[in-house]
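Report on the structure
The chain contents come next:
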Amino acid sequence: MVRIKFCGLTDKHSAKTAVEAGADAIGFVFAASKREVTPEQAKEIIESLPPYVSTVGVFVDETLDRINEIAEYCQLDMLQLHGSETPEYCHHIKRPAVKAIKVRKASDLDQAAAYKQVVRGLLLDAYVEGASGGTGHTFPWEYAAKARGMDPIVLAGGLRADNVEEAIIKISPFAVDVSSGIESDGVKDPRKMIEFVQRVRNVSIFAQS
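The structure reproduced in this document is the subject of the present report. (Residues numbered from 1 in each chain as written. Predicted model: local features only at pLDDT ≥ 70, side-chain atom pairs only at ≥ 80, totals over all residues. Heavy atoms only, no water.)

Side note on the overall build of the chain
Counting its secondary structure elements, the chain contains six helices and 10 strands. Across the 209 residues of the chain, 48% fall into the buried class. Nonlocal contacts in the chain, meaning residues at least 24 apart in sequence, comprise 53% of its contacts between residues at least 6 apart. (Helix = DSSP H or I, 4+ residues; strand = E, 2+ residues; numbered from the N terminus. Buried < 20%, exposed > 50% of the residue type's maximum accessible area, 1.4 Å probe, protein only. Contact = heavy atoms within 4.5 Å.)

Notes on the packing of helix α2 (residues 39-47) against helix α3 (residues 64-74)
Angle between the axes and distance between the axes are the two parameters that describe a pair of packed helices. Where α2 meets α3, the closest approach of the two axes is 9 Å, and the angle between their N-to-C directions is 30 degrees. Comparing their axes, α3 and α2 come out roughly parallel. Here α2 and α3 pass one another in a crossing that is right-handed. On α3, the residues that touch P39, E40, A42, K43 and I46 of α2 are R66, I70, Y73 and C74. (Axes fitted to C-alpha atoms, helices over the stretch in contact; angles between N-to-C directions. Parallel < 35°, antiparallel > 145°, perpendicular 65-115°, else oblique. Left-handed = near helix turned anticlockwise from the far one by under 90°.)

With respect to the pairing of strand β3 (residues 54-59)
Among the six residues that make up β3, five are buried, leaving the element largely enclosed by the rest of the structure. When strand β2 (residues 25-29) meets β3, the two strands line up parallel, connected through five bridges. Looking at the pairing, I26 lines up with T55 of β3. For the segment spanning β2, α2 and β3, crossover handedness is right-handed. Relative to strand β4 (residues 78-81), β3 runs parallel, the two sharing four bridges. (Pairing = 2+ DSSP bridges. Right-handed = clockwise from strand over helix to strand, strands pointing away.)

Okay, structure coming up:
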């Protein structure tokens, strides 16, 4: 079954809706973004969550001391790195991590192998100049074939209810990560959350049958 992460949650109501819709994990952005939250905001939301929901902190080129401090304070389960973090940097993080690879061309995936031993998984996202994620842009999914054998792969970048089934069939990721694709006018939309989860679950069952 393909796992689902909803990213860019900023309030308790959206987090509660995400969990009720069926998200396996929810993400909090601790970097410059319209979806940025403070550690205090994230901690309050996390403490309101039911058990067995994974919490993920999204960071971009944060200092090691600061990222470890926030992770401990908020009691994050996982860290997601969207900057130029090196394998050596990842080695010194005190929480399990997923490294984002921004894909513009197939050769961008050449760097993936260097992270294999120091992170729990790789997240493939679309490259957009000046942006670290959550842009709503896709990348050519056939490029992801170069990442096969480097599982687990998390697929991100422009996913929506109307394209996530195709993406899963083509790439067979371990998980999918969505932010703008479950929003309306920049706000998390319960209807889109529910539809996204349904599409992922349906295609996961179809793939197993």
